[in-house]
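# Survey of secondary and tertiary structure
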Amino acid sequence: MGNTLQIVWLIPLLPLIGFLINGLFRKQLSKSLVGIIGSGVILASFILSIYVFMQVKGGNTHLAHYFNFINTTSLKVGFDFQIDQLSSIFLLIITGVGFLIHVYSTSYMHEEESKDFAKYFAYLNLFVFSMLLLVMGGNYIIMFIGWEGVGLCSYLLIGYWFKNNEYTNAAKKAFIMNRIGDLGFLLAVFWLLNRIGSADYHTVFENVSKLSLTDITGITMLLFVGATGKSAQIPLYTWLPDAMAGPTPVSALIHAATMVTAGIYMIARSNILFTMAPVTQTVIAVVGLATAILAATIALKQNDIKKVLAYSTVSQLGYMFLGLGVGAYTGAVFHVMTHAFFKALLFLGAGSVIHAMSGEQDMRNMGGLKKYMSVTHITFLLGCIAIAGIPPFSGFFSKDEILAGAFANNPLYWGIGVVGALMTAFYMFRLYAMTFLGKFRGTHEQEHHLHESPAAITIPLVILAILAVIGGFVGIPEVFMHGGHKLEAFLEPIFEETNKYVAANHPHQPLSHSKEYLLMGISVGGALVALIFAWNKFSKYEKSDAEETGFGKVLANKWYVDELYDAIIVKPRNSLAAFLNNIVEKKGVDGLVNGVGKAVSYGSRQIRLLQSGQVGVYVLLMVIGMLVLFIVKFFL
Amino acid sequence: MFGNDITIPHLLIFIPLLAGLLTFFIKKEATVKAWSLIASFITLAVSILSLVYAKRDDLSGYSFNYEWLKHIGASFAVQLDGVGRLLTLLTAIAFPLIFITAYKASYKNANSFYGLMLLTQTGLMGVFLSTDALLFYFFWELALIPVYFLCSRWGGERRIQATFKFFVYTFAGSLIMLVGIIYVYLHTVPILDQQTKAVVSDHSFALRAFQAADFSASQQNWLFWLFFIAFAIKMPIFPFHTWQPDAYEQSPTPVTMVLSGVMVKMGLFGVIRWLLPMFPLAVVKFDNVVIGLSVIGIIYASLIAIKQDDLKRLAAYSSIAHIGLMCASLFTTKQVAIEGVMIQMFNHGINIIGLWIVIELTERQLGVRKISQLGGVAHKAPVLTIMLVVIALANIALPLTNAFVGEFMMFTGLFQFNIWYTVVAGLSIILAAVYTLNMIQKVFYGESNVLTASMKDISLNEKLVLAVIVVLIFAVGIYPQPFFELTKASVAALITTFK
Amino acid sequence: MPIHYYIILSVTLFCIGVIGVLTRRNAIIIFMCIELMLNAANLLLVAFSKMHNLTLGASNPTLASEAQVFVFFIMVVAAAEVSVGLAIIVMIYRNIHSVDVNFLNRLKH
């Protein structure tokens, strides 16, 4: 109990308190008070997280036990928080980026009615609470509590404008797709409980040798199913682009920076399990890569500014999974961090643009915003460079680390990964050029309203831009600077077992320096070419009403995946339900039950006719009965 | 606590009984309501007290035995132990909530209505407390008969048909069980007088004697079905469930709350109290059949729920799916699963009663409960919506709500039994989200229409009732430990039969 | 006389009674046929009693008389029945001016 980290319960508790205050008193509190409470609790959590991070950096990790969630003879689940290197980094990302987005929201959502404004902040606080539970949990069950909690908040926030049917549809879709993944996660937990008898991280990881290969492969595959739901990978990615129906800061916080990285956190946390399941690793790498490419191709043809960013998120998450799949866990976590910076920045920047354009999200109606919104423009440009992987911006370091890991595993992964990176550079600068360069293509009224956003919006943008630029320096690769990869050194204890296992089973040679330079050169050079090409092409973009044709049309329609799911899952399910309801239930099961009743009723109606009321008939029957008895008695 | 003559189980049975009988003689409606509310609160207080002072590890709990029909070996034997604790608590909580909800509604002949309700409570308490087979059967029927009158006199348009089906169906089950009880009774050992060693009765109805009766595997095999069918109809599990949607739809909502919140637990309770200890061989032999049926039922009911337009029928099918999971878990005979069922029976009762209250409040204001006719209620009645969302989320077992704890443990046990059942039953997690969110979206979200435009938010006492339910949902969801403590010892004792 | 003579006689009487009940519609005649069946049974009782008396009577003299008491019972009951039955028939005749049993199907309704 003596450990100072025992107080970490305050970190999730503060947002919970914020949620309760804002939720219960939403009618009484004024908007500014709501904003102060909502952001204030997150700031307090952030400060605590910094303290925790410092402690962890000083070598103090802690498993804090609070009370028994479930304690029976057959099952013990503690309400535990695990504070170590991995969770402390995520704490910083969640509360830090979360705080900036809260501040941003105070301005962005200011036109909402007072109680809706409070509701929004309540949900946002609840989300941070759930996300903190997710990363701090000391066992898979506490993680699952957070895991479902963030799904719920995402549902509530996507459907924030609940009067719009399309938005609530998107919210419902997000929740249900997440639930499909959650089922996988749950099954994995049941499996662990069945084989090991505990879902505590340390117990599981210590007893991992007791599991057979089938067990490990099964468990990791199911966990990965969980991750595909939460982190929007094939085949469960389609909810994320639809989730853009929510307010833009929500997209930035939940659908870019934090919640969608939960799957990566979970796999990084369980790294030893995954390392020991090579089949799963291959599946993860292939799915990650496929998602990265698929989403990137779709992003090439989208015209909604948020949709482009959404597909870009899916694609970047794919890279992270590629990293996990090839065993570059540190790289994946690194990319989570840098991605949180630049993607939050891009979304918030997009929000700023949408704000200025009075709600317009179609890039075809934008253009030339550079001269109206200088802060937004510059920060957005920095974000684009960062995501495109141009050195020395943050995206370069993290993406490069993943690609290097992929090359070491299989050069084909690397090759496809680089193609994806080129597409990333292309669609990001298409987005940038269509929005900020060229001349304005919107209505006059919109043009009249164009303005730079207020400080509450621009300050978070600036801070995030700085982070996006310098965030990569915590992980400078060995080739540039010896000992430059501080993050790797920091995370070392988390991946210790994995590293030992890899060293013992499949030792691989580190890439030679010259080869590594070559690889970097190819990807950076390619990205630059794509960037310049997009810049040139789309800064002179003219609006045209021509429909996309051929392959472009397929991409613009997202490979028709939604239509496919609708045809092979939703429709059959509905017809099956209708069949069961109308035929099996009404005619079959209930028909059988009613049939018994009808048969009795019909039978008695027939037998009733015997009661003719004629004495003669009764006597006749009596005599016949007597004769029958007589015959039975004497002749049979 | 009160000496040897009056014990907690007595109070739990006789308070509602006397109050109920007295209610018939009260003329004024307001007095009737107040009176039955007070009576139900006294019962609740007794129930809570009994749990506070419960000895956790004591298997027999508060028990009492009075030789009732000495010469046939039947006695008035009641006992409040781990198996019954949570269910008596649920029964005690349910009725005050129901009465408060119904406070504003007006029922013709209020005295008979409330009197019959209290008699139902008596029957339910008796079922959960009795440890004598004859007494158990007596209360089993006592719980059914008032409900029959309640449904057939105060129900909806098609009440006669629905009630008739409900009554005949469950009664047929009871009679089959009666045959079983008599057969087992005839195979129990004689009761001897303690001093003289003379035979007092040739056989005995006592629970202990029933459990001690020795049956061969082949006898168990058919006796099992006599009891199981009665319990299966009551629960109900697929394919014995068709009385339920009709009965829920046609009953007045307070009665529906009793039916779905408490009465269906009688079947599960019967399995735990009587079936599992009596026929362990048959339970193990038929576990795949029962679990198979339950799992089919879970998916089947969930799919049908997607297609329902009537809120009451939706809740009915959702309830069938949940009960199916509980039944499947019971027959895994895994400790963790049965512990889960114990707590889940309570949770399901609370959640479904909450759901009915919301439906009732909506219907009372708007006069309809067709999903397709509603919409945009959230805008007009935000408090009602928040409460409903919480209850609905508990219904789909979101973590930190009560149902998660139970479902998690049940699934864990089911997984130990067989992975494939778990996978199929697990699909209900997704399907439950589909139908629940569909319902929330269509009823509460969207723009309000002509019908819902005039909707007002709920009043203070309705808020209080729902708040109690929401608090219970979170309290059990966050700290379920006290509930486990109450049932732990009994489950452990039960499970030894199967080890 | 061998016992089967008695049996054949009473079976014949009984069958005549049955056929009479089944075929006739007049209540009085049906009534008389019922009496016929009753007496066929009586005849048998007496005959069997006598037969048993011949074989067992020596050892147990009360047996024969005990069995014959049944016959008296039946005769008394039959007399009571006749009086009640005839009274009913008379009442029916007064009400519907017929003793045809085919009219008497009120039970049906």
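Refer to the preceding data block for the structure.
Residues numbered from 1 in each chain as written. Chains lettered and ligands numbered in written order. Predicted model: local features only at pLDDT ≥ 70, side-chain atom pairs only at ≥ 80, totals over all residues.

### Structural notes on the overall build of chain A
How we decide: Helix and strand assignments follow DSSP, with helices taken as H or I runs no shorter than four residues and strands as E runs no shorter than two, numbered in order from the N terminus. The burial criterion counts other C-beta atoms lying within 10 Å of a residue's C-beta, which is placed from the backbone; the residue is buried at 20 or more, exposed at 12 or fewer, and partly exposed between these limits. Remark: residues whose backbone-derived C-beta atoms lie within 7 Å of one another are considered to be in contact.
Secondary structure assignment for chain A yields 26 helices and two strands. Reported as C-alpha extents along the three principal axes, the dimensions of chain A are approximately 115 × 65 × 55 Å. Counting over 636 residues, chain A shows a buried share of 54%. A fraction of 81% describes how many contacts in chain A between residues 6 or more apart in sequence connect residues 24 or more apart.

### Concerning the overall build of chain B
Helix and strand content of chain B: 20 helices and four strands. With the C-alpha coordinates of chain B rotated into their principal frame, the extents come out at 80 × 55 × 45 Å. Classification of the 499 residues of chain B by burial places 61% in the buried group. If you take every contact in chain B between residues at least 6 apart in sequence, the share linking residues at least 24 apart comes to 81%.

### Quick word on the pairing of strand S2 (residues 76-83) of chain A
Residue and element names in this part refer to chain A. Here is the rule: By this definition, two strands are paired if DSSP reports at least two bridges between them.
Across the eight residues of S2, seven count as buried, placing the element largely inside the fold. In this sheet, S2 lies alongside strand S1 (residues 62-71) in antiparallel orientation, the contact comprising eight bridges. Paired with Leu63 across the two strands is Gln82, which belongs to S2. Counting the residues between successive antiparallel strands, the hairpin from S1 to S2 contains four residues.

### Quick notes on the arrangement of the chains
Counting contacts across all two pairs of chains found in contact, the highest total belongs to chains A and B. Here chain B and chain C are not in contact; the least distance found between their C-alpha atoms is 26 Å.

### As for the environment of Ala421 of chain A
Residues and elements named next belong to chain A. Examined against the element boundaries, Ala421 turns out to sit in helix H18 (residues 411-436). Separated by 295 residues in the primary sequence, Ala421 and Leu126 place their C-alpha atoms 35 Å from one another. Each residue touching Ala421, except ones within four places of it in the same chain, is listed here: Gly389, Lys399, Ser523, Gly526 and Ala527.

### Details of the interface of chain B and chain A
In plain terms, the rule: Gly counts as polar in this scheme, as do all residues outside two lists: the nonpolar Ala, Val, Leu, Ile, Met, Phe, Trp, Tyr, Cys and Pro, and the charged Asp, Glu, Lys and Arg.
Across the contact, 39 residues belong to chain B and 38 residues belong to chain A. Of all the secondary structure elements, the ones that give two or more residues to the side of chain B that touches chain A are helix H12 (280-306), helix H14 (335-366), helix H15 (377-380), helix H17 (402-417), helix H18 (419-444) and helix H20 (481-496) of chain B. Here the side of chain B that touches chain A takes nine residues from H18 of chain B, the largest share from any one element. Considered class by class, the residues forming the side of chain B that touches chain A number 25 nonpolar, ten polar and four charged.

### Regarding the packing of helix H1 (residues 10-24) of chain A against helix H2 (residues 31-57) of chain A
Residue and element names in this part refer to chain A. To be explicit about the condition: An axis is simply a line fitted to the C-alpha atoms; with a helix, the fit covers only the stretch in contact. Between two such axes, the angle follows the N-to-C directions and lies from 0 to 180 degrees. Roughly parallel means an angle under 35 degrees; roughly antiparallel, over 145; roughly perpendicular, 65 to 115; everything else is oblique.
It is the contact of H1 with H2, at a shortest axis distance of 8 Å, that shows an interaxial angle of 175°. With respect to H2, the axis of H1 lies roughly antiparallel. Between H1 and H2, the contacting residues are Leu10, Ile11, Leu14, Pro15, Ile17, Gly18, Ile21 and Asn22 on the first element and Val34, Ile37, Gly38, Val41, Ile42, Ala44, Ser45, Leu48 and Ser49 on the second.

### With respect to the nonpolar core
A general trend in soluble globular proteins is that nonpolar side chains are found buried together. Residue and element names in this part refer to chain A. Test applied: The nonpolar core criterion groups buried Ala, Val, Leu, Ile, Met, Phe, Trp, Tyr and Cys residues into a set whenever they are joined through C-beta atoms within 7 Å.
In this structure, Val189, Ala344 and Ala468 are the most contacted members of the largest nonpolar core, which totals 409 residues. The biggest single contributor to this core is helix H6 (residues 165-196), with 18 residues. When neighbours within four sequence positions are excluded, Val189 is seen to be in contact with Tyr140, Ile141, Phe144 and Ala199.

### Brief notes about the environment of Tyr103 of chain B
All names here are of chain B. Counting through the fold element by element, Tyr103 comes out in the loop between helix H3 (82-102) and helix H4 (110-129). Residues Tyr103 and Val52, 51 residues apart in the sequence, show an inter-C-alpha distance of 29 Å. Excluding residues within four positions of it along the chain, Tyr103 makes contact with Lys33 and Asn461.

### Observations regarding the packing of helix H6 (residues 159-186) of chain B against helix H8 (residues 217-234) of chain B
Residues and elements named next belong to chain B. Inclusion rule: In this scheme, a crossing is called left-handed if the near helix is turned counterclockwise away from the far one by less than a right angle; it is called right-handed if the turn is clockwise.
Between H6 and H8, whose axes approach to 8 Å, the crossing angle comes to 150°. Looking at the two axes, H6 sits roughly antiparallel to H8. As for the relative orientation of H6 and H8, their crossing is left-handed in sense. Touching Tyr169, Thr170, Gly173, Ser174, Ile176, Met177, Val179, Gly180, Tyr183 and Val184 of H6 are Leu223, Leu226, Phe227, Ile229, Ala230, Ile233 and Lys234, all from H8.

### Quick notes on helix H16 (residues 374-388) of chain A
Residue and element names in this part refer to chain A. Here is the rule: Expected span of a helix: the number of residues minus one, times 1.5 Å.
When the terminal C-alpha atoms of H16 are compared, their 21 Å separation across 15 residues agrees well with the 21 Å that a helix rising 1.5 Å per residue should span. Burial of H16 is extensive: eleven of the 15 residues sit out of reach of the surface. Turning to H16, its buried residues are Thr376, His377, Thr379, Phe380, Leu382, Gly383, Cys384, Ile385, Ala386, Ile387 and Ala388. Looking at the packing, one finds that the buried side of H16 touches helix H15 (329-356), helix H17 (394-409), H18, helix H20 (455-470) and helix H23 (513-539).

The values are spatial; any link to function lies outside them.
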